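Structure assessment
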Amino acid sequence: MSPRAADRATYLVALLIAALFLVPLSWLLSLSVRTPQEVYLGAARYLPEDPTLENFRLVLTDRSFGLHLWNSLKICALGGAGAVAAAIPAAYAFSRFSFRGRTGLMVAVLLVQMVSPLVVLIPLYRYMDALGMLDTHLGVIGVYVALGVPLSVWVLKSSFDRVPRSLEEAAEIDGCGRAETLVRITLPLAGPGVAAAFILNTMMGWSQFLVPFILLTDTGKVPISVAIFNFAGSTSASTTQLLAAACLVAILPALALFVAVQRLIVRAVSGGAVRG
Amino acid sequence: MAARPLLWLLPIALVLGTVYVIPVADVVRLSFSDATLLRPAESYGLSGYAAMLEARDLGVVLRNTVVFTVASVVGLQLAGLLVALLVARGDRRGLPGMTALRTIVLAAWVVPGVANGIIWQTLFSEAPFGAINSTLALIGLPRVAWLSDPEMAMVSAVLANVWQGTAFSMVVFYAARRAIDPRLYEAAEVDGARPFARFVYITLPQLKGAILVNTVLVTIQTLNTFDSILALTGGGPGRATEVLSLHIFNRVFYNYDLGGGSALALVLVAISTALTLVYIALLGRGRT
């Protein structure tokens, strides 16, 4: 096969894969702009003849839906920020100090992720019950912080590694202590890494379902992931188009963040998974 | 340097200790107890484990877990490898549009698990207007019982999972493929090796490490998540798609069986730990 023919084959397969991956999302989009009548016409109206934004209007003006979006934003942002804050000193220590057990501890932090949240939620549910923290955002945020710590430590460490030590030494000569050097010199220079860790945590939090599903029962407090699950359980065929619109609105923030930081994600995943 | 690393590690030690270390230790304790979600342990023993082994449904659940996990892991790796090699080839030839393909595959990965389940439910819907079935009807093919037939439901669950998870394997394989020394391919070309031979004798052996590591990571991810299954089939029809993690969830939070659920949770942790040890061994070998 000539290189030209191989290029054509490459494109053919690429198009096929792209189509397979786009069909589910485009079907969701198609459903979300249909009238109930067109929903019943199935694939024949993949391109609706009478598209409408009415479903989005209904979803977005629904007060409880806005509340769920707000809950998600609050829990994810605070959980993500908490994870970054907890991870900064540790990541700095892993980057700058040499001490016994350093590599082992770094691997241990990574391995925590291998434990399913489901396992730890069994006792956590009881602790939170005893502390009166069930059905509070604080409890959920606390768990999100822990879920975000491992990835944050690794992303932050690698961005601290890239900050030249000579800049820190200059600050030390001027009489800055370790902590002051970290806050004044290293953190501002590692800004992109800090932002990446925060955004990655927020995105992971946005997808999180199990933690809020178990720890929150008050429907006014649940985030969007739990809300669309509950909505899906209560809908019938006649409201499929509304479910599709709600689902799309729930996906879009994560999708938008992702498109903005795609390169960072690819680097974080390939850096964490195929070291050595 | 006179630094006290322990002080710097204190915040994450507190967080991970409270949310991971103590709870996992507590799961071990609970697994030997007769506690339920509603009352604390009154006595300790092996009743949780006995109940776990006696449960009639355990065999079905374990079988589902093996089928779902093996099929998903094979599917995820084949799909991930295909896309990664395709994008890598496009990159080398300077073909435009390869980044777009990568973005499309990654977009599926960003979709929350629950939303994934809901999307695929509308696709697999067996109502006359379900996406796939109404397409089949349009071209004159018989409808398929995607979700109501026990065996098809498992196929559907695996398809939805592969659609969502391919991106992870793709990223891992893409990075590994780019790390292969191009001189290997140049030498093979001089020797007259055909593309298939180059794939079998260069690409696959060079990717062996990445494939092994990815197998472990993807297996752990697949074992630990069930939100898309919960939204897609709810574990049904019957127990046809109830995997271990979903079963534990049901047992603890619907049947309030803390002892038996904890015993099963420990089985899940044990499998993950064993796989993790394999992962560490693989990483260690990669370094030397």
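Residues numbered from 1 in each chain as written. Chains lettered and ligands numbered in written order. Predicted model: local features only at pLDDT ≥ 70, side-chain atom pairs only at ≥ 80, totals over all residues. Heavy atoms only, no water.

For chain A, an unreviewed UniProt entry supplies the name Carbohydrate ABC transporter permease and the organism Histidinibacterium lentulum. For the record of chain A, the UniProt heading Subcellular location (unreviewed entry) holds the text "Cell membrane". The record in UniProt for chain A states the following under Sequence similarities (unreviewed entry): "Belongs to the binding-protein-dependent transport system permease family." (UniProt positions renumbered as here; feature names shortened; annotations may be inferred.)

Within the fold, A:Asp129 resides in helix α6 (residues 117-131). For the pair A:Asp129 and A:Ala244, spaced 115 residues apart in sequence, the C-alpha to C-alpha distance is 35 Å. (Helix = DSSP H or I, 4+ residues; strand = E, 2+ residues; numbered from the N terminus.)

Moving on, we come to the packing of helix α3 (residues 57-92) of chain B against helix α9 (residues 195-224) of chain B. Each packed pair of helices is defined by two parameters, the angle between the axes and the distance between the axes. All names here are of chain B. At a closest axis distance of 10 Å, the pairing of α3 and α9 adopts a crossing angle of 140 degrees. Between α3 and α9, the interaxial angle falls into the category oblique. For the pair α3 and α9, the crossing hand works out as right-handed. Packed against α3, whose contacting residues are Thr65, Phe68, Thr69, Ser72, Val73, Leu76, Gln77, Leu81 and Leu85, the element α9 presents Phe199, Thr203, Leu204, Leu207, Ile211, Asn214, Thr215, Val218, Thr219, Thr222 and Leu223 at the interface. In terms of residue class, the contact of α3 with α9 is built from 11 nonpolar, nine polar and no charged. (Axes fitted to C-alpha atoms, helices over the stretch in contact; angles between N-to-C directions. Parallel < 35°, antiparallel > 145°, perpendicular 65-115°, else oblique. Left-handed = near helix turned anticlockwise from the far one by under 90°. Contact = heavy atoms within 4.5 Å. Nonpolar A, V, L, I, M, F, W, Y, C, P; charged D, E, K, R; others polar.)

Using the criterion set out here, one finds 15 salt bridges over all chains in the structure. A salt bridge links B:Asp26 to B:Arg29, with the nearest nitrogen and oxygen atoms 2.7 Å apart. Placement of the pair is B:Asp26 and B:Arg29 together in helix α1 (residues 5-31), with a separation of three residues, close to one helical turn. Residues joined by salt bridges that share partners form a network here, namely A:Arg96, A:Glu168, A:Glu172 and A:Arg178. (Salt bridge = Lys/Arg side-chain N within 4 Å of Asp/Glu carboxyl O.)

Right, let's get into the packing of aromatic side chains. This model, assessed by the stated rule, comprises 17 aromatic pairs over all chains. When the centroid spacing of 6.3 Å and the interplanar angle of 50 degrees are considered together, the rings of B:Trp109 and B:Phe168 count as tilted. Taken together, the residues span a long stretch of sequence, with B:Trp109 in helix α4 (residues 98-110) and B:Phe168 in helix α7 (residues 150-178) at a distance of 59 residues. Residue B:Phe168 is classed as buried on the basis of its relative accessible area, which comes to 9%. Among the aromatic side chains, those forming a connected cluster through ring pairs are A:Tyr125, A:Phe209, A:Phe213, A:Phe229, B:Phe226, B:Phe249, B:Phe253 and B:Tyr254. Here the basic side chain of A:Arg34 rests over the ring of A:Trp27, its NZ or CZ set 4.8 Å away from the ring centre. (Phe/Tyr/Trp six-rings, centres within 6.5 Å; stacked < 30°, edge-to-face > 60°. Buried < 20%, exposed > 50% of the residue type's maximum accessible area, 1.4 Å probe, protein only. Lys NZ or Arg CZ within 6 Å of the ring centre and 35° of its normal.)

A word on unusual backbone geometry. The residue after B:Gly236, namely B:Pro237, is reached through a cis peptide bond having omega 0 degrees. For A:Asp135, which is not a glycine, the phi torsion comes out positive at approximately 65 degrees. Inspection of the secondary structure puts A:Asp135 in the loop between α6 and α7 (137-161). We note that B:Tyr256 has phi near 55 degrees; this positive angle belongs to a residue other than glycine.

Often, the extent of an interface is quoted as the loss of accessible area on bringing the components together. Between chain A and chain B, the residue contacts involve 91 residues of the former and 91 residues of the latter. Sorting the residues of chain A by area buried against chain B places A:Phe21, A:Met114 and A:Arg126 first, and these three jointly supply 10% of that buried surface. Counting the contacts that link chain A with chain B gives two salt bridges. B:Arg89 is the partner of A:Asp7 in a salt bridge, and the nearest nitrogen-oxygen pair spans 2.9 Å. Linking chain A with chain B are 10 residue pairs in polar contact (both at pLDDT 80 or more), by the criterion used here. Of all the elements, helix α1 (residues 3-32) of chain A adds the most residues to the side of chain A that touches chain B, at 19 residues. Counted by class, the side of chain A that touches chain B contains 75 nonpolar, 11 polar and five charged residues. (Buried area = accessible area lost by both parts, 1.4 Å probe. Polar contact = N/O pair within 3.5 Å; in protein donor to acceptor, adjacent residues only side chain to side chain.)

This next bit is on the UniProt feature "transmembrane region" (unreviewed entry) in chain A. All names here are of chain A. Mapped onto this structure's residue numbering, the UniProt feature "transmembrane region" (unreviewed entry) falls at residues 12-33, 72-93, 105-125, 137-156, 194-215 and 242-261. Between the end C-alpha atoms of residues 105-125 there is a gap of 28 Å, over a span that is 76% helix and 0% strand. The distance separating the terminal C-alpha atoms of residues 242-261 is 30 Å; by composition the span is 95% helix and 0% strand.

Moving on: the side chain of A:Ser32. All names here are of chain A. Among the secondary structure elements, serine 32 is positioned in helix α1. At 2.7 Å, the side chain of serine 32 forms a polar contact with the backbone oxygen of leucine 29. Discounting chain neighbours no more than four positions away, the residues touching serine 32 are Thr52, Asn55, Phe56, Gln241, Ala244, Ala245 and Leu248.

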